[in-house]
Amino acid sequence: MKVKRIVSEERMLLPELRDTLLAVEATRLGSGEEMSYELRKSIEHANHLSKTSSDKARDLVGELMQLEKMKEEIAYRIANLMPRTRDELRAIYAKERFNLTAEELDRILELVVTHF
């Protein structure tokens, strides 16, 4: 399938994507349509990797955005990956021009744990 143009673009959390894909699946099953291989694999992938609900993930992004050294892109990445260790969190910040202190890393990890 060729994409002719992009109509709009927005960031989406993995749990929100899972909910959207499940709604598409329900619609297709309700109408008797067959699901494509790509759709089935996408749903399987989203179910496997989503670690929290879409509401909790959205709340986590909101709280992360209130932190000082937080960009929207990184907040979404943290909410999608739900890192549990400092090393996993450092990997997310690897391309940034600044380093986080141990206290800042711990604060982010506390937020992740409360939204798990």
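Residues numbered from 1 in each chain as written. Predicted model: local features only at pLDDT ≥ 70, side-chain atom pairs only at ≥ 80, totals over all residues. Heavy atoms only, no water.

Chemist: Mind showing me how you'd approach the nonpolar core here?
Modeler: Soluble, globular proteins show a tendency: their nonpolar side chains are buried together. Formed by 21 residues in total, the largest nonpolar core has its most connected members in Leu 60, Leu 64, Met 70, Ile 78, Leu 89, Tyr 93 and Ile 108. Of all the secondary structure elements, the ones that give two or more residues to this core are α3 (54-64), α4 (72-81), α5 (86-92) and α6 (102-114). Apart from residues lying up to four places away in sequence, Leu 89 is in contact with Ile 78, Pro 83, Leu 105, Ile 108 and Leu 109. Grouped together as the second largest cluster of nonpolar side chains are 5 residues, Met 35, Leu 39, Ile 43 and Ala 46 included. (Core = buried A, V, L, I, M, F, W, Y, C linked by side-chain atoms within 4.5 Å. Buried < 20%, exposed > 50% of the residue type's maximum accessible area, 1.4 Å probe, protein only. Helix = DSSP H or I, 4+ residues; strand = E, 2+ residues; numbered from the N terminus. Contact = heavy atoms within 4.5 Å.)

Chemist: Even after reading the chapter, I still don't get unusual backbone geometry, so can you show me in this structure?
Modeler: Glycine aside, the phi torsion of most residues is negative, and most peptide linkages are trans. A positive phi angle, close to 50 degrees, is found at Met 82, a residue other than glycine. Position of Met 82 relative to the elements: it lies in the loop between α4 and α5. For Met 82, a relative accessible area of 2% gives the class buried.

Chemist: What am I meant to see in α3 here?
Modeler: Of all the positions in α3, only Ser 54, Ala 57, Leu 60, Val 61 and Leu 64 are classed as buried. Seen from one end, α3 has its buried residues packed into an arc of 120 degrees, which puts them on one side. Buried residues along α3 sit in contact with α1 (14-31), α4 and α6. (Arc of directions from axis to C-beta.)

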